[in-house]
Every structure is written in C-alpha cells, then in structure tokens.
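Okay, here's what each chain looks like letter by letter:
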Protein chains: 2
Amino acid sequence: MVKIDYRDPRPIYEQVVDGIEDLALRGALPADTQIPSVRQLAMELSINPNTIQRAYAELERRGVIYAAKGRGNFISDDIASLRARRLDEIGAEIGALAGRARTLGATEEQLRGWLGTKGEDRE
Amino acid sequence: MVKIDYRDPRPIYEQVVDGIEDLALRGALPADTQIPSVRQLAMELSINPNTIQRAYAELERRGVIYAAKGRGNFISDDIASLRARRLDEIGAEIGALAGRARTLGATEEQLRGWLGTKGEDRE
DNA sequence: TTATGTGTATTATATGTCTTAATACACTTG
DNA sequence: CAAGTGTATTAAGACATATAATACACATAA
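Residues numbered from 1 in each chain as written. Chains lettered and ligands numbered in written order. Predicted model: local features only at pLDDT ≥ 70, side-chain atom pairs only at ≥ 80, totals over all residues. Heavy atoms only, no water.

(A) Seen up close, the overall build of chain A. Broken down by element type, chain A carries five helices and three strands. Listed N to C, the secondary structure of chain A is α-β-α-α-β-β-α-α in terms of helices and strands. Relative to the 2.2 N^0.38 estimate, which gives 14 Å for 123 residues, the radius of gyration of chain A is 18 Å and therefore markedly larger than a compact globule would have. Counting only C-alpha atoms and orienting by the principal axes, one finds that chain A spans roughly 60 × 35 × 25 Å. When the 123 residues of chain A are sorted by exposure, 39% land in the buried category. Counted over contacts in chain A with a minimum sequence separation of 6, partners at least 24 positions apart contribute 48%. In the form shown here, chain A has an accessible surface area of approximately 7,300 Å², with 48% of it arising from carbon and sulfur atoms. Side chains of chain A give 18 positive and 20 negative charges; the mean places of these two sets differ by 4 Å. (Helix = DSSP H or I, 4+ residues; strand = E, 2+ residues; numbered from the N terminus. Rg over C-alpha atoms; globule rule 2.2 N^0.38 Å. Buried < 20%, exposed > 50% of the residue type's maximum accessible area, 1.4 Å probe, protein only. Contact = heavy atoms within 4.5 Å. Areas by Shrake-Rupley, 256 points an atom, 1.4 Å probe, with all protein chains shown as cover. Lys, Arg positive; Asp, Glu negative; His and termini not counted. Charge placed at Lys NZ, Arg CZ, Asp CG, Glu CD.)

Put into structure tokens, the structure is as follows:
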C-alpha cells in the first residue's frame, strides 16, 4: 500500500499521507475503494496506530478519503478536482523554480530541457 | 543583509543560510566581500549568536563563505561553480516535478506555460 | 444479542531538533 | 594590551514526532 523510508527526513505520518494521496490522484485506487484500517496499516508498516490515525485525519482534511465510523476509510469521489488542484500547486512550484533559475543565469534552452521527454529537438 | 520570516516553518539558521547563499550566487555579494560578524548579525536580527554560528558553519561547509579566525567571514571565490551546481539541482527538481505533473495528466502546453515569461506563443 | 473489527479521543512518556543562554579560549588588528 | 573576531562547550526550554496504553461509540456478521 505504502512504503516508509527511514532515511527520508520527513515524518512518517507525512510519508503515509503523500503515499496514499499519490495512489488516489493517479487513479491507482478508484473512488470508494476501501483502504486498510488504522490498525491494519499500522501492523503492516510496523508503526504505531496513532501515527496512521494522524495520517488518515490529514487525508480526510484534504478530501482525499472519507471515514465511516465502524466501517472504515474510503477513497473520496471527485478525485478529479483534487488532481487539478495538485497540478496547480506543481505548476506554481515549477514557475518559482524557473524564475530562480533565470536569476542565476539559466537559458531558455536549459529550462525547456529540464522539462524533459518532449520537444527536445536534439541536434 | 537577510530577513527572517517567523511565519516560515523553516528553522531560522536555514533561512539565514539560504538568504546569504542567494546573495552570493546572484552576485550581490562579490567574492571576498566581508559579511557581518556572528555577533553583529545576531544583534541585527535579534537572534542568538549560536544560531548565526550554525548558519555560518553550514555556509562554510557548502563552500559559500570562508572563515578567517580573528578577522571575519568572507564570500568565497569561485562562486561560478556553486551557481552551476545549484542550477543542476534546480534542473533536477524541475524535472521531477514535470514527471509528476505528466503522471497526473498535465499536457506539454501546461508544462511549457508554467515555465513562464518566454516562448509563450499566446493566441 | 454478542463478538469482532472499525474510527476516534485521550493521557503519558521518550526522543530529537531548534533556539536561547552563558561562558571560555584562540586569533587578529589597531 | 584591548577590542573584535571565530569557535567550542554545556545547560535549559519549547516544540514536533512517535510510541504506548486505554477507552468508547459505531457497524456488521454470527
């Protein structure tokens, strides 16, 4: 479901949040799919249930999952809008990095090259 | 010289490091320019000298400044290579974000648009 | 109804990072 | 020699993270 990297300086709960959000936004977990229970995932990852509880609370706050007391946690409907929002954020990050790169003297060719994979026009 | 933003979740010493590195890489502080002493900058920013000490140690580790005991701290020569390295890092970040954006369904047009300012070809 | 598995909330403890505080010492310069 | 530098050390507090141990309400299947 998710993997924890203990060399990653980010807190565990954040890695869990990002991991599940990633699966949801990519469509790997369709809407209304049930995800592991708090205790299940804690067992699987060998971490404390409270840590998963915190991660799930954050995922619910973000609208990635919804909780049904006594039944479990499920992937939210309307992942599309979450995906769009996330793309906006990524776009803003890329824009900021591009501006910073230009400040340091990067050329437009470099910038386009960093985007990779398409429109490369190699000589 | 540098400004601290207390709403910024990053530690103070890190903000100082990034601020001075930025000034150096942009060329705002030429090579061999003396920067404020540990105690001076601490006074100016109303923070503890130990925090500046830590920031300067990190800047020296990165090669942005060099220290001369009893005299002060100075901007390093060969800022050019540091700038190049930083641009490589930014390029890698942009590449990663671009890949992630494609995974979420971003179009090449979107990606180019996010780079901003040039080659927009607006209709 | 009961048992089991859910989500949820609470309190306590331990650990690590960040920051401040207070010194101390070696070095450079006027 | 005095003042200003870098540098190192020890202590304390605030805060975030994670674990531990419960407790309780709800849903579902036996």
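(B) Main features of helix α5 (residues 108-115) of chain B. Buried within α5 of chain B are the following residues: E108, L111, W114 and L115 of chain B. The buried residues of α5 of chain B occupy an angular sector of 125° when projected down its axis, which confines them to one face. Here the buried face of α5 of chain B lies against α4 (79-103) and α5 (108-115) of chain A together with α4 (79-103) of chain B. The first or second residue beyond α5 of chain B is G116 of chain B, which carries a positive phi of 75°. (Arc of directions from axis to C-beta.)

(C) Focus on the protein's contact with DNA strand C. Near DNA strand C there are 25 residues, and of these Q40 and N73 of chain A together with I12, N50 and R54 of chain B occur at the shortest range. The separation between a base nitrogen of DNA strand C and a polar main-chain atom of G70 of chain A is 3.1 Å. (Near = heavy atom within 4 Å. Polar contact = N/O pair within 3.5 Å; in protein donor to acceptor, adjacent residues only side chain to side chain.)

(D) Molecular detail of the interface of chain B and chain A. With 27 residues of chain B at the interface, the matching set in chain A holds 27 residues. Contact between chain B and chain A buries roughly 2,600 Å² in total, counting both sides, with carbon and sulfur atoms accounting for 72%. Area buried by chain B at its contact with chain A is led by L104, W114 and L115 of chain B, which between them contribute 27% of it. On inspection of chain B and its partner chain A, the count reaches two salt bridges. (Buried area = accessible area lost by both parts, 1.4 Å probe. Salt bridge = Lys/Arg side-chain N within 4 Å of Asp/Glu carboxyl O.)

(E) Focus on the protein's contact with DNA strand D. Taken together, 25 residues lie around DNA strand D, and I12, N50, T51 and R54 of chain A together with N73 of chain B are the ones closest in. Restricting the count to atoms of DNA strand D within 4 Å of the protein gives a sugar and phosphate share of 59%. Here Y13 of chain A contributes a side-chain N or O atom positioned 3.4 Å from a phosphate oxygen of DNA strand D. One of the backbone N or O atoms of N48 of chain A is found 3.0 Å from a phosphate oxygen in DNA strand D. For the surface near DNA strand D, the secondary structure elements donating two or more residues are α1 (12-25) and α3 (49-62) of chain A together with α2 (38-45), α3 (49-62), β2 (65-68) and β3 (72-75) of chain B. When grouped by side-chain class, the residues that make up the surface near DNA strand D number seven nonpolar, eleven polar and seven charged. (Nonpolar A, V, L, I, M, F, W, Y, C, P; charged D, E, K, R; others polar.)

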